[in-house]
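# A closer look at the structure
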Amino acid sequence: MIAYTNENLVNRLANVPHFKGMPINAIKDIVYAGNINHHKAGTILFQEGAPCGGLFVLFTGHVHLYKLGIQGQESIITSIKPVIMFNEVPVLDGGSNTVSALAVQDCVTWCISCENFHQLMKKYPQLGTGLLMTMASRNRLLFNRYEDLFSRPVIARVAKVIIYLSEDGTKPINRYRYNNQKLAAMAATVPEAISRSIKAVKNEGAIDVTRGELKVLSLNHLYKIAMIEVMDFRYYPQN
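Residues numbered from 1 in each chain as written. Predicted model: local features only at pLDDT ≥ 70, side-chain atom pairs only at ≥ 80, totals over all residues. Heavy atoms only, no water.

### Some details on the overall build of the protein chain
Helices and strands together make up the secondary structure of the protein chain, namely nine helices and eleven strands. Burial analysis of the protein chain (239 residues in total) assigns 44% to the buried set. Long-range pairs, those at least 24 residues apart, make up 71% of the contacts in the protein chain with a sequence separation of at least 6. (Helix = DSSP H or I, 4+ residues; strand = E, 2+ residues; numbered from the N terminus. Buried < 20%, exposed > 50% of the residue type's maximum accessible area, 1.4 Å probe, protein only. Contact = heavy atoms within 4.5 Å.)

Now the structure itself:
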């Protein structure tokens, strides 16, 4: 197991796309201005609407960024894995967190406060300009998600989630880990609609479902149900 210290974090942070190309002394300044944290699975890193939680870089583990609806329903905006930066919007504008972050697995993160980051941006302007590319990528993701909500029925969105979680049908989906509530959050719907959609997809012969597992039987059929072309699949990107 890697022991995360400021010293070895300098080299790891240098490999994060946002920080590549920066002088090593600049990366050292950045690393030592933040903190390394370990989070147990189930820990909420920061909450939507709370004061800026800082800029994070995820080095190990798995994190869901999600929003809560008016009635308290959870909608997962994206699922992120190492190595990636997140929560950049409130760091730039100083406002509240736009989403909540949940550690799905045990995680190691590095975090820098809004105040410290703004001080570093004055010293290293490329930090701010680099964030623009990250924000542009996240905006494209949001546009794709909204397109789904407006143009695809629930069953198509559920099929897309199944394709993603099964890694193009190559792996079974653990139903204990991804129950109807979790799938509903990923497909932006309610658990009852997940039950109906899974039953309909199963009846069409695209998947097989048991109490603990969901397997893809016909990937091509699943793509048709999802209303997408195979080469156009871009759901829940990791970066």
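### What to know about the nonpolar core
Ile162, Leu165, Ile198, Ile207 and Leu222 are the most contacted members of the largest nonpolar core, which has 30 residues in total. Within the residue set of this core, elements represented by two or more residues are helix H6 (154-165), helix H7 (180-187), helix H8 (191-203), strand E10 (207-209), strand E11 (213-216) and helix H9 (219-226). Among residues more than four places away in sequence, those in contact with leucine 165 are Ile173, Tyr178, Leu183 and Met186. (Core = buried A, V, L, I, M, F, W, Y, C linked by side-chain atoms within 4.5 Å.)

### Comments concerning the sheet that holds E10
With respect to topology, three strands assemble into an open sheet ordered E9-E11-E10, the strand pairing being antiparallel. A strand with exactly one partner marks an edge of an open sheet, and here the two such strands are strand E9 (173-174) and E10. Strand direction decides the pairing type here: E10 and E11, joined by three bridges, are antiparallel. Each bridged residue has a counterpart across the sheet, and for aspartate 208 the counterpart in E11 is lysine 215. On top of the sheet, H8 reaches E10 and E11; it is set at about 125 degrees to E10, its chief contact. (Pairing = 2+ DSSP bridges. Axes fitted to C-alpha atoms, helices over the stretch in contact; angles between N-to-C directions.)

### Overview of the pairing of strand E3 (residues 55-60)
Two faces belong to every sheet, and in a regular strand the side chains alternate between them. With respect to burial, E3 is a largely interior element, five of its six residues being buried. As paired strands, E3 and strand E8 (residues 107-112) are joined by five bridges and run antiparallel to one another. Residue leucine 55 lies in a different strand from E8, and its bridge partner there is isoleucine 112. Pairing of E3 with strand E6 (residues 84-86) involves three bridges; the strand directions are antiparallel. Looking across to E6, one finds that valine 57 is bridged to methionine 85.

### Observations concerning the layout of surface pockets
A water-sized probe rolled over the atoms picks out the places where empty space is left. Of the pockets and cavities examined, the second largest pocket occupies roughly 280 Å³. In this structure, the second largest pocket is lined by His62, Lys81, Gln105, Tyr164, Leu165, Glu167, Lys171, Pro172, Ile173, Asn174, Arg177 and Tyr178. Among the secondary structure elements, those contributing two or more residues to the lining of the second largest pocket are H6 and E9. The class makeup of the residues in the lining of the second largest pocket is five nonpolar, three polar and four charged. (1 Å grid on protein atoms, 1.4 Å probe; cavity = no way out; pocket = protein on both sides within 12 Å on 5 of 7 lines; lining within 4 Å. Points joined across faces, edges and corners; volume = space filled by probe spheres on them. Nonpolar A, V, L, I, M, F, W, Y, C, P; charged D, E, K, R; others polar.)

### Considering the pairing of strand E7 (residues 100-103)
Alternating residues of E7 divide into Ser100 and Leu102 and Ala101 and Ala103, and every residue in both groups is buried. The sheet contact formed by strand E2 (residues 44-46) and E7 spans two bridges and is antiparallel. Each bridged residue has a counterpart across the sheet, and for isoleucine 44 the counterpart in E7 is leucine 102. Alignment of strand E4 (residues 63-68) against E7, held across four bridges, turns out to be antiparallel. Across the sheet, the residue bridging to valine 63 is alanine 103, located in E7.

### A word on the packing of H6 against H8
Relative orientation of the contacting elements H6 and H8 amounts to 75 degrees, with a least axis distance of 9 Å. With respect to H8, the element H6 is oriented roughly perpendicular. On H8, the residues touching Val154, Ile155 and Val158 of H6 are Ala193, Ile194, Ser197, Ile198, Ala200 and Val201. Residues that form the contact of H6 with H8 fall into these classes: eight nonpolar, one polar and no charged. (Parallel < 35°, antiparallel > 145°, perpendicular 65-115°, else oblique.)

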